[in-house]
Amino acid sequence: MIIRVQRKRITVDGIFGVLSIDGNPFGCFTVENLKDAIPAGYYSVEFTYSPRFNQTLPLIDVPGRTAIRLHPANYPGELEGCIALGDKEEPDAVDDSRVTFNQFYKIIDGQEDLHISVADPIASA
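Every value quoted in this text rests on a predicted model; they were computed, and no experiment measured them.

S.K.: Even after reading the chapter, I still don't get the packing of aromatic side chains, so can you show me in this structure?
M.R.: Ring pairs (aromatic) are described by centroid distance and by the angle formed between their planes. According to the stated counting rule, one finds 4 aromatic pairs in the structure shown. Aromatic side chains Phe47 and Tyr105 sit 5.7 Å apart centroid to centroid with 85° between the ring planes, which places their arrangement in the edge-to-face category. In this pair, Phe47 is assigned in strand 4 (residues 41–50) and Tyr105 in helix 1 (residues 97–108), connecting sequence segments 58 residues apart. Residue class for Phe47 comes out partly exposed when judged on its relative accessible area of 23%. With a centroid separation of 5.8 Å and an interplanar angle of 40°, the aromatic rings of Phe101 and Tyr105 are classed as tilted. Separated by 4 residues within a single helix, Phe101 and Tyr105 lie in helix 1, roughly one turn from each other. Phe101 sits in the buried class, given a relative accessible area of 1%. The structure contains a cluster of three or more aromatic residues connected by ring pairs, namely Phe26, Phe47, Phe101, Phe104 and Tyr105.

S.K.: Can you walk me through the environment of Asp95 in this structure?
M.R.: Among the secondary structure elements, Asp95 is positioned in strand 8 (residues 93–95). With a relative accessible area of 23%, Asp95 lands in the partly exposed category. C-alpha separation for the pair Asp95 and Thr30, spaced 65 residues apart in sequence, amounts to 9.9 Å. With sequence-adjacent residues up to four places away left out, Asp95 is seen in contact with Asn74, Gly86, Asp87, Lys88, Glu90 and Thr100.

S.K.: Explanation requested: the pattern of salt bridges in the structure shown.
M.R.: Between side chains of opposite charge, a pair can form as their charged atoms come close. Scanning the entire structure with this criterion turns up 8 salt bridges. With a shortest N-O distance of 2.7 Å, Arg7 and Asp120 are connected by a salt bridge. Here Asp120 lies in the segment after strand 9 (114–119) and Arg7 lies in strand 1 (residues 2–10), a separation of 113 residues in the sequence. The partner of Glu80 in a salt bridge is Arg52, and the shortest N-O contact between them spans 3.9 Å. Placement of Glu80 in the loop between strand 5 (55–60) and strand 6 (84–86) and of Arg52 in the loop between strand 4 and strand 5 is noted, with a sequence separation of 28 residues between them. Arg52 carries the same exposure label as Glu80, and that label is exposed. The network of salt bridges with common partners includes Arg7, Glu32 and Asp120.

S.K.: Looking at this structure, how should I read the side chain of Glu32?
M.R.: Position of Glu32 relative to the elements: it lies in strand 3 (residues 24–33). For Glu32, a relative accessible area of 0% puts it in the buried group. Look past the residues within four positions of Glu32 in its chain and what remains in contact with it is Val5, Arg7, Asp13, Gly14, Ile15, Ala37, Ile38, Pro76, Leu79, Cys82 and Ile83.

S.K.: Looking at this model, I keep getting lost on the pairing of strand 1. Mind explaining?
M.R.: Along any regular strand the residues' side chains alternate between the sheet's two faces. Sheet topology note: the strand 1/strand 9 ladder contains 5 bridges and is parallel. Its bridge partner being in strand 9, Ile2 is matched across the sheet by His115. Strand direction decides the pairing type here: strand 1 and strand 2 (residues 14–21), joined by 7 bridges, are antiparallel. Pairing of Ile10 across the sheet is with Ile15, part of strand 2. Once strand 1 ends, the chain turns through 3 residues before running back antiparallel as strand 2.

Calculation criteria
- Each chain has its residues counted from 1, following the order in which its sequence is written.
- Owing to the predicted nature of the model, reporting of local features is limited to residues with pLDDT of at least 70; listing and counting of side-chain atom pairs is limited to 80 or more, with chain, interface and lining totals taken over all residues.
- Excluding hydrogens and water, the side-chain figures rest on all heavy atoms present in the structure.
- Whether two aromatic rings pair depends on their centres lying within 6.5 Å, for rings of Phe, Tyr and Trp, where Trp uses its six-membered ring; planes under 30 degrees apart make the pair stacked, over 60 edge-to-face, and the rest tilted.
- To qualify as a helix, a DSSP run of H or I must reach at least 4 residues; to qualify as a strand, a run of E must reach at least 2; elements of each kind are numbered from the N terminus.
- Think of it in three bands: with a 1.4 Å probe and only protein chains considered, a residue is buried below 20% of the maximum accessible area for its type, exposed above 50%, and partly exposed in between.
- Note on contacts: a residue pair is in contact if any heavy atoms of the two residues lie within 4.5 Å.
- In the sections that follow, a salt bridge refers to a side-chain nitrogen of Lys or Arg positioned within 4 Å of a carboxyl oxygen of Asp or Glu.
- Two strands are said to pair when DSSP picks up at least two bridges between them.

See below:
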């Protein structure tokens, strides 16, 4: 299973995009912290326990980085390299992050061959 994040726009402190899952109708918006965002690329994802969140969460295996996860958050300032999900996009936030993340987690939970593709905004000609 491949999770795809297509970054769409950059603000003063955030990167906003859309998330889709290959072979699944689920879709949502994403937010990242601009200064801590991971490089665009293709990464493996595994489920590990997060002491910070006190639960098992998807961990993105980014070389040279630790604890990069997919988790609930609404604002870029709440993130340190991680990617958060929401069902609506505001000028500098996503809404309903916890509900959206829980829906997403139900789809990916238990997947053993899980990857994420993160793509930078497509430059317009």
